[in-house]
Amino acid sequence: FGQVRHACSRLKQTILRLQVTVGFRYLALVSIVYGVEEGIARKWITLATDYVLSDSKPSGFGLNNDGIQRVYVVSDIPWQLKSIYGIASDLYPILGYRRTSYLVISSAIGVICWMYMYITFSSLTNSLALFSLLLLIGNYGIAAPDVMIDADIAEKSRLFPDVLVDLQTLCW
């Protein structure tokens, strides 16, 4: 019990130090993007997508492993283009904000896309192309906020070098 108590105490100290340095709202935003959106949501989406792609009609597409990988090649393109989002957000601010606007817009696009897929699922199993396109758009809604937070963490690390390790730990 002593080791667990010690680890919890260190975690609490780290969180308090980060809260004082970068603020509670920033900690919450990073936790939501990394923990909820990229961590939990992406894993659930992958599990559901694997099921839908491999399950037979009428609830799925009945694809073999080659077909599933073809869909993933297309739908994972947003993860390969992350550097472009970072460059675009630095060069072309929206409403005076370099990352916040992009983070909000891409997250909203992702949420709308995933909700649309949920609501219209029964009709989506008729078109693999539409399903793949929606996966691509939904993945953009996860990948773009990820790169915005990555860039912001790098910037904050330069501004607050005393909590650099803590910020990087928060990301992972």
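For the structure itself, look to the data block above.
A. Looking closely at the overall build of the protein chain. In terms of helices and strands, the protein chain carries 9 helices and 0 strands. The helix and strand sequence of the protein chain, counted from the amino end, reads α-α-α-α-α-α-α-α-α. Residues counted as buried form 37% of the 172 residues belonging to the protein chain. Considering only residue pairs separated by 6 or more positions, the protein chain has 69% of its internal contacts joining residues 24 or more positions apart. On the protein chain, roughly 10700 Å² of surface is accessible, and the fraction owed to carbon and sulfur atoms is 67%. Here the protein chain contributes 14 positive and 13 negative side-chain charges, whose respective centroids are spaced 6 Å apart.

B. How the structure looks around the packing of aromatic side chains. Tallied over the entire structure, the rule returns 2 aromatic pairs. Ring geometry for Phe61 versus Phe131: centroids 5.2 Å apart, planes at 55 degrees, classification tilted. Residue Phe61 is located in the loop between helix H2 (24-54) and helix H3 (65-75), and its partner Phe131 is located in helix H8 (residues 128-159); the two are separated by 70 residues in the primary sequence. For the pair formed by Phe61 and Phe131, the shared burial category is buried. Over the face of the ring belonging to Trp79 we find Arg42, whose NZ or CZ atom lies 4.0 Å from the ring centre. Taking NZ or CZ as reference, Lys156 lies 4.8 Å from the ring centre of Tyr26, over its face.

C. Just the layout of surface pockets, in detail. Of the voids in this model, the largest pocket is the one considered here, and its volume is about 620 Å³. As for the largest pocket, its lining consists of 24 residues, of which Ala41, Ile45, Trp114, Met115 and Tyr118 are closest to the centre. For the lining of the largest pocket, the secondary-structure elements that each account for two or more residues are H2, helix H6 (100-119), helix H7 (121-124) and H8. If one sorts the elements of the lining of the largest pocket by residue count, H2 sits on top with 10 residues.

The rules behind the values
- Residues numbered from 1 in each chain as written.
- Predicted model: local features only at pLDDT ≥ 70, side-chain atom pairs only at ≥ 80, totals over all residues.
- Heavy atoms only, no water.
- Helix = DSSP H or I, 4+ residues; strand = E, 2+ residues; numbered from the N terminus.
- Buried < 20%, exposed > 50% of the residue type's maximum accessible area, 1.4 Å probe, protein only.
- Contact = heavy atoms within 4.5 Å.
- Areas by Shrake-Rupley, 256 points an atom, 1.4 Å probe, with all protein chains shown as cover.
- Lys, Arg positive; Asp, Glu negative; His and termini not counted.
- Charge placed at Lys NZ, Arg CZ, Asp CG, Glu CD.
- Phe/Tyr/Trp six-rings, centres within 6.5 Å; stacked < 30°, edge-to-face > 60°.
- Lys NZ or Arg CZ within 6 Å of the ring centre and 35° of its normal.
- 1 Å grid on protein atoms, 1.4 Å probe; cavity = no way out; pocket = protein on both sides within 12 Å on 5 of 7 lines; lining within 4 Å.
- Points joined across faces, edges and corners; volume = space filled by probe spheres on them.

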